[in-house]
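Descriptive analysis of the structure
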Amino acid sequence: MTQPDVKRPLQLNDNGQLRHFLSLDGLSCELLTEILDTADSFLEVGARAVKKVPLLRGRTVCNVFFENSTRTRTTFELAAQRLSADVITLNVSTSSTSKGETLTDTLRNLEAMAADMFVVRHADSGAAHFIAEHVCPNVAVINGGDGRHAHPTQGMLDMLTIRRHKGGFENLSVAIVGDILHSRVARSNMLALKTLGCPDIRVIGPKTLLPSGLEQYGVRVFHDMDEGIRDVDVVIMLRLQRERMQGGLLPSEGEFYKLYGLTAQRLRLTKPDAIVMHPGPINRGVEIESAVADGPQSVILNQVTYGIAIRMAVLSMAMSGQATQRQLESESVSEEQN
Ligand code: NCD
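So, here is what we can say about the structure in this document. Note that the structure is a prediction, hence the values are computed from the model and not measured.

**Thoughts on the overall build of the protein chain**
Within the protein chain, the regular secondary structure consists of 12 helices and nine strands. The C-alpha radius of gyration of the protein chain comes to 20 Å, within 12% of the 20 Å expected for a compact globule of 338 residues. Each of the three principal axes of the protein chain carries a C-alpha extent, and together these read 70 × 45 × 40 Å. Taken over 338 residues, the protein chain has a buried fraction of 56%. For the protein chain, contacts bridging at least 24 residues in sequence account for 75% of all contacts bridging at least 6. Of the side-chain charges in the protein chain, 35 are positive and 39 negative, and the distance between the mean point of each set is 5 Å.

**Looking at the nonpolar core**
By size, the foremost hydrophobic cluster in this structure holds 67 residues, and its most contacted members are Ile35, Ile176 and Leu315. By residue number, the principal contributor to this core is helix 12 (residues 300–337), which donates 11 residues. The two domains that each donate at least three residues to this core are domain 1 (8–150 + 304–337) and domain 2 (152–297). Discounting residues that sit within four places of it in the chain, Leu315 has contacts with Leu56, Val61, Phe76, Ala79, Ala80, Leu83, Met117, Val119 and Ile142. Residues Leu209, Ile229, Leu267 and Val276 belong to the second largest nonpolar core, which totals 23 residues.

**Considering the site of the ligand**
Inspection of the region around the ligand gives Arg71, Thr72, Arg121, His151, Gln154, Arg184, Val185, Arg239, Gln241, Pro279, Gly280 and Pro281 as its neighbouring residues. Between the ligand and His151 there is a distance of 2.7 Å, counted from an oxygen atom to a side-chain nitrogen or oxygen. Gly280 has a polar backbone atom sitting 2.9 Å from a nitrogen atom of the ligand. Protein contacts shield 93% of the accessible area of the ligand, which totals 320 Å² for the unbound molecule.

**Looking at unusual backbone geometry**
The omega torsion of the bond from Gly280 to Pro281 falls at -5°, within 30 degrees of zero and hence cis. Tracing the backbone through its elements, the reader meets Pro281 in the loop between strand 9 (275–277) and helix 11 (290–293). With phi around 70°, Ser84 is a residue other than glycine that occupies positive phi space. Inspection of the secondary structure assignment puts Ser84 in the loop between helix 3 (71–82) and strand 2 (86–91). Of note, the phi angle at Asp231 is positive, near 65°, even though the residue is not glycine. Mapped onto the fold, Asp231 is located in the loop between helix 8 (225–228) and strand 8 (234–237).

**Digging into the environment of Ala313**
By the secondary structure assignment, Ala313 is in helix 12. With a relative accessible area of 0%, Ala313 lands in the buried category. Sequence separation of Ala313 and Ala79 is 234 residues, and the distance between their C-alpha atoms is 8.6 Å.

Conventions used here
Residues numbered from 1 in each chain as written. Predicted model: local features only at pLDDT ≥ 70, side-chain atom pairs only at ≥ 80, totals over all residues. Heavy atoms only, no water. Helix = DSSP H or I, 4+ residues; strand = E, 2+ residues; numbered from the N terminus. Rg over C-alpha atoms; globule rule 2.2 N^0.38 Å. Buried < 20%, exposed > 50% of the residue type's maximum accessible area, 1.4 Å probe, protein only. Contact = heavy atoms within 4.5 Å. Lys, Arg positive; Asp, Glu negative; His and termini not counted. Charge placed at Lys NZ, Arg CZ, Asp CG, Glu CD. Core = buried A, V, L, I, M, F, W, Y, C linked by side-chain atoms within 4.5 Å. Domains from an automatic or database assignment. Near = heavy atom within 4 Å. Polar contact = N/O pair within 3.5 Å; in protein donor to acceptor, adjacent residues only side chain to side chain. Areas by Shrake-Rupley, 256 points an atom, 1.4 Å probe, with all protein chains shown as cover.

What follows is the structure in structure tokens.
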């Protein structure tokens, strides 16, 4: 599979609205802000006794997860259900992939069932992009995480968390800590923070877990955790992506915890009202101390709640962007015929 090269027109329709959601690359501050504002308005739906709005009634959303997921899969399911869509989730380990069916054939079969949207998670960087460009261009494709490349809805739910707890991005210092090299969450977060105007983005980790080319994100790099988290407003901790590591990039988990683990003692170096975030799953005692994960500064479970609202926003915006594109295309065909 080729490396993704997400160009503006592929994700956007001719009116500049979302029609797929593949990466935050190339999306404007205005569009990201529209996603956050739309999600804010959906948060209220989750607080109702009857948690439903009819925006996607009669539409079919297929979750196709080729990689493990707990939060992302279930919150996409709930988001689609709260928008009144029909939802199916393909458990790939029991699907025909294990009988040799290709990704393309699996998705073409779902398209033949009149699916309107695919939410795709895949271990290959560029998988969602490939599907949107070459497999099913008329189905709205939402990236639920592709390899180490991008996890745009996680990026946006993290931005919603920061905006709701810190009021905006203008004067913020944000530290992203740990396995940046293998983290699609880190990449989406750096892009989102940069686009939304965060002036101080810091990445902290050992040299072996930091990718080259970090300059493009306008971040400051630290190898010393105590120095890096000093006076920050937000700390985003990451899980060690063991499943994506080749060879011995780390001495040991114990050593990593000693150097980069977020302990209650280290947290005192941040601003006193700093918030602690983590996309989950958390590994207690590996990247974060339990007292911090469960402590008063942790907003880790708020992130999960906000994730449903972000996914409702992205699903509804992409569905309407696809419909508008189809309308624009049919208008241009009828103009040509006249
Ligand atoms: C992240 C992922 O899958 O990229 N988790 C998530 O979506 N909530 C981070 C991780 O697995 O460490």
